[in-house]
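Spelled out, the chains give:
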Amino acid sequence: MKNLTVLWVICLLVLSSCNSEPKPIEYGSEGCQFCSMTIVDKQHAAQFMTKKGRSYAFDATECMLNYLRDVEPETVAIYRVNNYTDSRGFC
């Protein structure tokens, strides 16, 4: 019975650690994965998240597209780019 309880606790911890949303970009301190420039402009930022939950942030959409040349498309879970005309967030 004790082993079953331990197994349930481990399963709950694993499931609670799963995240289906990319982590927020830390504007002004996080660097672009492609060109290493600091990401400061919310209007041009882009991001993608792998199926394993790793987020990659970029200072511009073209940096993300260049970076994706070396990434297998089936490993990507979500692509996010900011709406140029509306700086409220990603679309």
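Look above for the structure.
A quick note: this is a predicted structure, and the numbers were derived from the prediction, not measured.

Caption draft 1: Summary view of the overall build of the protein chain. From N to C terminus, the protein chain includes two helices and three strands. Going from the N terminus to the C terminus, the protein chain shows its helices and strands as α-β-β-α-β. Carbon and sulfur atoms make up 58% of the accessible area of the protein chain, which amounts to about 6700 Å² in all.

Caption draft 2: Fine view of the packing of aromatic side chains. For the structure shown, the criterion picks out five aromatic pairs. Between Phe48 and Tyr56, the ring centres sit 4.9 Å apart and the planes meet at 20°, which makes this aromatic pair stacked. Phe48 gets classed as buried once you look at its relative accessible area, which sits at 0%. Judged by its relative accessible area of 13%, Tyr56 falls in the buried class. On the numbers, 6.1 Å between centres and 40° between planes, the contact of Phe48 with Tyr67 is tilted. With Phe48 in strand β1 (residues 46–50) and Tyr67 in helix α2 (residues 61–67), this residue pair connects regions lying 19 residues apart in the sequence. Grouping aromatic residues by their ring pairs yields a cluster made of Phe48, Tyr56, Phe58 and Tyr67.

Caption draft 3: Structural context of the pairing of β1. Burial analysis of β1 places five of its five residues in the buried class, which makes it a mostly covered element. Covered by surrounding structure in β1 are Ala46, Phe48 and Thr50 together with Gln47 and Met49, the residues of both alternating faces. When β1 meets strand β2 (residues 55–58), the two strands line up antiparallel, connected through four bridges. Note on β2: the bridge partner recorded for Ala46 is Phe58. Sheet topology note: the β1/strand β3 (residues 76–81) ladder contains five bridges and is antiparallel.

Here is what the cut-offs are and how they apply
- Residues numbered from 1 in each chain as written.
- Predicted model: local features only at pLDDT ≥ 70, side-chain atom pairs only at ≥ 80, totals over all residues.
- Heavy atoms only, no water.
- Helix = DSSP H or I, 4+ residues; strand = E, 2+ residues; numbered from the N terminus.
- Areas by Shrake-Rupley, 256 points an atom, 1.4 Å probe, with all protein chains shown as cover.
- Phe/Tyr/Trp six-rings, centres within 6.5 Å; stacked < 30°, edge-to-face > 60°.
- Buried < 20%, exposed > 50% of the residue type's maximum accessible area, 1.4 Å probe, protein only.
- Pairing = 2+ DSSP bridges.

Bear in mind that shape data such as this cannot, by itself, settle questions of function.
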